[in-house]
Amino acid sequence: MFKAVGLYNNVWSVIIVFTVIQAAFGTYQVEGAADEDGRGPSIWDTFSRTPGKVWNGDTGDVACDHYHRWESDLDLMAELGLDAYRFSIAWSRILPTGTGEINRAGVDFYSRLVDGLLARGIRPVATLYHWDLPQPLEDAGGWPERATADAFERYAEVVGAALGDRIHTWTTLNEPWCSAYLGYGQGGHAPGRHEPAAALAAVHHLNLAHGRAIQALRATSTGAPEYSVTLNFHVLRGRGAGADEAVRRIDALANRAFTGPMLRGAYPDDLLADTAGVTDWAFVREGDLAVIAQPIDVLGVNYYSTATVSLWDGVAEQQQNDGHKGAAGGTAWPGSDRIVEFVAQDPPFTDMGWNIAPDGLEELLVSLSEQFPQQPLMITENGAAFPDEVAPGGAVHDAARVDYLQRHLTAAHRAIARGVDLRGYFVWSLLDNFEWGYGYAKRFGVVRVDFDTLERTVKDSGHWYAALTQTRSIPAPTRVG
Ligand code: IFM
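Keep in mind it's a predicted model, so treat the numbers as computed, not measured.

Conventions adopted
- Residues numbered from 1 in each chain as written.
- Predicted model: local features only at pLDDT ≥ 70, side-chain atom pairs only at ≥ 80, totals over all residues.
- Heavy atoms only, no water.
- Salt bridge = Lys/Arg side-chain N within 4 Å of Asp/Glu carboxyl O.
- Helix = DSSP H or I, 4+ residues; strand = E, 2+ residues; numbered from the N terminus.
- Buried < 20%, exposed > 50% of the residue type's maximum accessible area, 1.4 Å probe, protein only.
- Pairing = 2+ DSSP bridges.
- Axes fitted to C-alpha atoms, helices over the stretch in contact; angles between N-to-C directions.
- Contact = heavy atoms within 4.5 Å.
- Expected span 1.5 Å × (residues − 1).
- Bend = angle between axes of the 7 residues up to and from the residue.
- Near = heavy atom within 4 Å.
- Polar contact = N/O pair within 3.5 Å; in protein donor to acceptor, adjacent residues only side chain to side chain.
- Areas by Shrake-Rupley, 256 points an atom, 1.4 Å probe, with all protein chains shown as cover.
- Nonpolar A, V, L, I, M, F, W, Y, C, P; charged D, E, K, R; others polar.

S.K.: It is not clear to me how the pattern of salt bridges should be interpreted in this structure. Could you clarify?
M.R.: Two side chains carrying opposite charge are able to pair once their charged atoms lie near each other. Evaluated as defined, the whole model comprises 36 salt bridges. Measuring nitrogen to oxygen at the nearest pair gives 2.8 Å for the salt bridge that ties arginine 418 to glutamate 362. Residue arginine 418 is located in the loop between α14 (399-417) and β11 (422-427), and its partner glutamate 362 is located in helix α13 (residues 358-371); the two are separated by 56 residues in the primary sequence. What makes glutamate 362 buried here is its relative accessible area of 11%. Through salt bridges with shared partners, one network takes in Glu245, Arg248, Arg249, Asp251, Arg256, Asp270 and Asp274.

Here is the structure:
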């Protein structure tokens, strides 16, 4: 890792010590080509094609058309000076039914993509699962079923054998919290189920899938990749009497339900106690925890905002404040619903309604480094949606996004100065894309996508980010044109 030794001039111009400055994409959010080259349907195809599930009836059928435009998108990344690209692989392009026959066209697509990245000097950082479960596996019960973890292990073997000679970093899962709790509890994400016990079974089978996939990738990768998983941590503030109890409960469900088994080899006792009325956790079999607790080289950290919780007073309307509301109806918090409530945050907010709190990122990184002192960290997502406007002449002066990124990178830098072993930073996202339950209504990109023409336009934040990648210091705001 490149270490900073220079003087810090001011907060906007610090020598940055990340080895990797990069951009990230989720497959269903950008690829499009939903029915091409043998790709099988995923739960997000089914969900987004179901009326009322996604704003405006949007789907990922075309998205950013990255499947066809990947070469020019890679050229754009090279022009911006990105040294890594975090992308997700669509399970149902590789194994259209989730199991069974391998679809060579799907494997070839990602193989060409990886070669294209390497040819441009960009490190491939590949995520195996970004929420798009092959539909036949959901038809057989989905993540609440152990068989889904079995199928994931085989999928990991296939991609490990096909790409493991060239991948720089493997990431097993992106944000399993969302897959489990939003998919099977709250229901605002595919497959849209409202079954609290199933959500907790999904937590365990996702954890198991992670451990099994690390083993499978290690066994099949012939290069020297690093191994990781990405979690979306909840940075919690408590309010009112019982604030500590409210924080403890949500921390257990949101954070320690994953870090416990993955990094400590055990589910936290308080999590098991809090959820005893929902499930007996009998789906955890002997030997599972040892499989889950595989050593990883880097822990991926996704951070956008904080959340404030208090004990439910029996009167206030429960606010799910999970940032992914969609068409919901269940609970994202099995065992703590109507015990804890999420309360309004202080402004300013992004277009997602998420509060802007860079200090929370510093606090999170320091806290993780204290809890897991030997574990290097990587910010695998950070960014903001804002309602961008296109100026006459076509420029996008997204000063609010530049400000957000500057503040969060500066906060990350403060964490490094406090001793955190932070290996890199990925902005979310390179391109505007399909924002799940919000469809195309929310724009996170540092590059604008016109969803009628699919034309890409680098926003001011993209130019600013390019200056960051080129100078390795946090630049002053940029206004272009
Ligand atoms: O767009 C998502 C991404 O797919 C996962 N993390 C959060 C982002 C913003 O909501």
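So that's the structure; there's more coming.
S.K.: I'm lost on the sheet that holds strand β6 (residues 235-238) in this one. Help?
M.R.: The pairing of strands in a sheet comes from backbone hydrogen bonds and takes either a parallel or an antiparallel form. The sheet built from three strands is open, its strands ordered β6-β8-β9 with mixed pairing. Because the sheet does not close on itself, it has two edges, and the strands there are β6 and β9 (340-343). Here the strands of the sheet are splayed against their neighbours by 40 degrees on average, with no regard to which way each runs. In this structure, β6 lies alongside strand β8 (residues 306-311), joined through four bridges in parallel fashion. Paired with valine 235 across the two strands is threonine 306, which belongs to β8. Packing against the sheet, α13 makes contact with β6 and β8, and its axis sits at approximately 110 degrees to β6.

S.K.: Even after reading the chapter, I still don't get helix α3 (residues 66-80), so can you show me in this structure?
M.R.: Working note: α-helix, 3.6 residues per turn, so residues spaced by three or four point in the same direction. Given a rise of 1.5 Å per residue, 15 residues ought to cover 21 Å, yet the end C-alpha atoms of α3 are separated by just 17 Å, more than 12% below that figure. At serine 72, α3 shows its largest bend, some 40 degrees. Within α3 the residues assigned to the buried category are His66, Tyr67, Trp70, Asp73, Leu74, Leu76, Met77 and Leu80.

S.K.: Just checking my understanding: could you explain the site of the ligand for this structure?
M.R.: Gln29, His130, Glu381, Glu435 and Trp436 are the nearest of the 13 residues found near the ligand. Within the contact set of the ligand, an oxygen atom lies 2.7 Å away from a side-chain nitrogen or oxygen of glutamine 29. Within the side chain of glutamate 175, a nitrogen or oxygen atom sits 2.8 Å from a nitrogen atom of the ligand. Considering the ligand on its own, with 280 Å² of exposed area, one finds that the protein chains cover 100% of that surface. Each residue belonging to the shell around the ligand can be placed in one class, and the counts come to six nonpolar, four polar and three charged.

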